[in-house]
Amino acid sequence: MDFNMKKLASDAGIFFTRAVQFTEEKFGQAEKTELDAHFENLLARADSTKNWTEKILRQTEVLLQPNPSARVEEFLYEKLDRKVPSRVTNGELLAQYMSEAANELGPETPYGKTLLKVGETEKRLGAAERDFIHSASINFLTPLRNFLEGDWRTISKERRILQNRRLDLDASKARLKKAKAAEAKAALWSDEVDKAEQELRVAQTEFDRQAEVTRLLLEGISSTHVNHLRCLQEFVESQATYYAQCYRHMLDLQKQLGRFPGTFVGNTEPASSPLSGASLATAAATIPVVPTVAGMPPTEAAISLDDVAPPASGTRKARVLYDYEAADSSELALLADELITVYSLPGMDPDWLIGERGNRKGKVPVTYLELLS
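Residues numbered from 1 in each chain as written. Predicted model: local features only at pLDDT ≥ 70, side-chain atom pairs only at ≥ 80, totals over all residues. Heavy atoms only, no water.

A separate point is the overall build of the protein chain. Counting its regular elements, the protein chain contains nine helices and five strands. Taken from N to C terminus, the helices and strands of the protein chain fall in the order α-α-α-α-α-α-α-α-α-β-β-β-β-β. With 373 residues in all, the protein chain has 34% of them scored as buried. For the protein chain, the share of sequence-separated contacts (at least 6 apart) that also reach a separation of at least 24 residues comes to 69%. Within the structure as shown, the protein chain displays about 23,200 Å² of accessible surface, and the carbon and sulfur contribution to it stands at 56%. (Helix = DSSP H or I, 4+ residues; strand = E, 2+ residues; numbered from the N terminus. Buried < 20%, exposed > 50% of the residue type's maximum accessible area, 1.4 Å probe, protein only. Contact = heavy atoms within 4.5 Å. Areas by Shrake-Rupley, 256 points an atom, 1.4 Å probe, with all protein chains shown as cover.)

Set out below in structure tokens:
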């Protein structure tokens, strides 16, 4: 009991001494040991890393889950070490509503058929979004949280210890200075000077040791940057995969809707393409055009692919960007990364070209191709 009381009194005395030293420093009444410039740069770099990691983490969470209530729920589950329940994405919920609407309004009507097709695509988009969120959470958010809740807490703890050691050191310097002043005034050697010098040596040793520990942790921020760089690259890869999936799903949907009777009635413009109008115009201008078959309208000539030969002025090569499944016998199925020959026909939709591979030919969508010079 006596030992505990003495320890409490000692701790209270140390805390009071540090508080006095800190207050006097703030008012310019006490000297302060300054850290070297390199150490100060390490501290500033660590603080900047922590602040920006927090901002990037929070905004990425908003990007992946815009609903603040859902974010709070996920946070609570995480703190309780419980698995976050699977949540239906907005795309999947929209797909469900569209499917139910189609069944009630008539799945065989043009509107009902379109609702079903769009709903199927929205469901695929929702599934792709779910995969992206899962991948981004594991490969990007988790490492950032681990840094803030692990490494940064350790650094903060050691920095607080270093601050206390620095206050103890400066308080010891102040006591030694006062002891020497009292000794000089009394003109005799005082035991207080020996005691103050001993306390100063101990305080200096502890400060130097703690400064080295803290320095090593701060220098480890460079390794943190390397790790975060790798995680950022994985985040970009998963995001690129997600958007590529969405792009392909929407292109397929656009193609399917174009074959539905009554779809987009009154719109005589060609379906919008991910390529800009200028890009399509440039591409069309550089694609060789097959002359119209004599005595046959352009649209009929475009359909009679067996009667079409490559233009005498030459053709172009194109690399296939994505797999493409032919919708009917007039189209050519494509495999990603293969090379095909392409050219245009008079009166063709600018979103399409004629593609040839060996002895097979058919229409191919421009957006699935990279035209080679």
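Having put the structure on the table, let's press on.
Time to look at helix 4 (residues 90–105). With 16 residues, helix 4 extends 22 Å between its outermost C-alpha atoms, agreeing within 8% with the 22 Å of an ideal straight helix rising 1.5 Å per residue. Inspection of helix 4 places Gly-91, Glu-92, Ala-95, Met-98 and Ala-102 among the buried residues, and these make up the whole buried set. End-on, the buried residues of helix 4 take up no more than an arc of 120 degrees, which puts them together on one face. Within helix 4, the exposed residues directed more than 90 degrees away from the buried face are Asn-90 and Glu-104. Gly-106 lies just past helix 4 and shows a positive phi near 120 degrees. (Expected span 1.5 Å × (residues − 1). Arc of directions from axis to C-beta.)

There is a patch of nonpolar side chains on the surface, built from Val-88, Leu-93 and Tyr-97 and spanning about 280 Å² of accessible area. Residue placement: Tyr-97 occurs in helix 4. Taking relative accessible area as the criterion, Tyr-97 reaches 46% and is therefore assigned partly exposed. (Patch = residues over 30% accessible without salt bridge, like charges linked within 9 Å, V, L, I, M, F, W, Y side chains within 5 Å. Salt bridge = Lys/Arg side-chain N within 4 Å of Asp/Glu carboxyl O.)

Moving on, we come to the packing of aromatic side chains. Under the counting rule described, the total for this entry stands at nine aromatic pairs. An angle of 35 degrees between the planes, with centres 6.1 Å apart, marks the rings of Phe-132 and Phe-235 as tilted. Note that Phe-132 is positioned in helix 5 (residues 110–186) and Phe-235 in helix 7 (residues 221–258), a separation of 103 residues in sequence. Phe-235 matches Phe-132 in its accessibility class, with the two residues each being buried. (Phe/Tyr/Trp six-rings, centres within 6.5 Å; stacked < 30°, edge-to-face > 60°.)

Sheet strands line up and pair through hydrogen bonds in the backbone, either parallel or antiparallel. Read across the open sheet, the five strands follow the order 4-3-2-1-5; overall the sheet is antiparallel. The open sheet has two free edges, formed respectively by strand 4 (360–365) and strand 5 (369–371), since each of these has just one partner strand. On average, each strand axis in the sheet is inclined to that of its neighbour by 40 degrees, with strand direction left out of account. Sheet analysis places strand 1 (residues 316–320) next to strand 5, joined by three bridges and oriented antiparallel. From the neighbouring strand, Arg-319 faces strand 5, where its bridge partner is Glu-370. (Pairing = 2+ DSSP bridges. Axes fitted to C-alpha atoms, helices over the stretch in contact; angles between N-to-C directions.)

Here we take up the pattern of salt bridges. Side-chain pairs of opposite charge can arise whenever the charged atoms involved come near each other. Applying the stated rule across the entire model yields 14 salt bridges. Close ionic contact of Glu-54 with Lys-50 constitutes a salt bridge, the shortest N to O distance being 3.4 Å. Of this pair, Glu-54 and Lys-50 both sit in helix 2 (residues 37–64), four residues apart, roughly one helical turn. Residue Arg-130 pairs with Glu-92 through a salt bridge whose shortest N-O separation is 2.4 Å. Taken as a pair, Arg-130 in helix 5 and Glu-92 in helix 4 lie far apart in primary sequence, 38 residues in all. Arg-130 gets classed as partly exposed once you look at its relative accessible area, which sits at 29%. It is possible to trace a salt-bridge network through shared partners that takes in Arg-58, Glu-61 and Arg-145.

Attention now goes to the nonpolar core. Phe-39, Phe-132, Phe-140 and Leu-218 are the most contacted members of the largest nonpolar core, which has 33 residues in total. Looking at this core, the elements that each hand over two or more residues are helix 2, helix 5, helix 6 (191–219) and helix 7. With 15 residues, helix 5 is the single largest residue contributor to this core. Residues within four places of Phe-140 in sequence aside, it is in contact with Ile-56, Thr-60, Ser-135, Cys-231, Leu-232 and Phe-235. Of all hydrophobic cores here, the second largest spans 19 residues; its members include Ala-318, Tyr-324, Tyr-343 and Ile-354. (Core = buried A, V, L, I, M, F, W, Y, C linked by side-chain atoms within 4.5 Å.)

Attention now moves to the packing of helix 2 against helix 7. Close contact between helix 2 and helix 7 brings their axes to 12 Å; oriented N to C, the two are set at 20 degrees. Here helix 2 lies roughly parallel to helix 7, going by the angle between them. Judged by the twist between their axes, the crossing of helix 2 over helix 7 is left-handed. Residues Arg-45, Ala-46, Thr-49, Thr-53, Thr-60 and Leu-63 of helix 2 lie in contact with helix 7, whose contacting residues are Ile-221, Ser-222, His-225, His-228, Phe-235 and Gln-239. Taken together, the residues of the contact of helix 2 with helix 7 sort by class into four nonpolar, seven polar and one charged. (Parallel < 35°, antiparallel > 145°, perpendicular 65-115°, else oblique. Left-handed = near helix turned anticlockwise from the far one by under 90°. Nonpolar A, V, L, I, M, F, W, Y, C, P; charged D, E, K, R; others polar.)

Attention now goes to unusual backbone geometry. Positive phi is not limited to glycine here, since Asp-337 has a value of about 80 degrees. Within the secondary structure layout, Asp-337 lies in the loop between strand 1 and strand 2 (339–343).

What follows deals with the environment of Ala-30. Here Ala-30 lies in the loop between helix 1 (2–26) and helix 2. The partly exposed category is assigned to Ala-30, whose relative accessible area is 22%. For the pair formed by Ala-30 and Ala-174, sequence separation is 144 residues and the distance between their alpha carbons is 7.7 Å.

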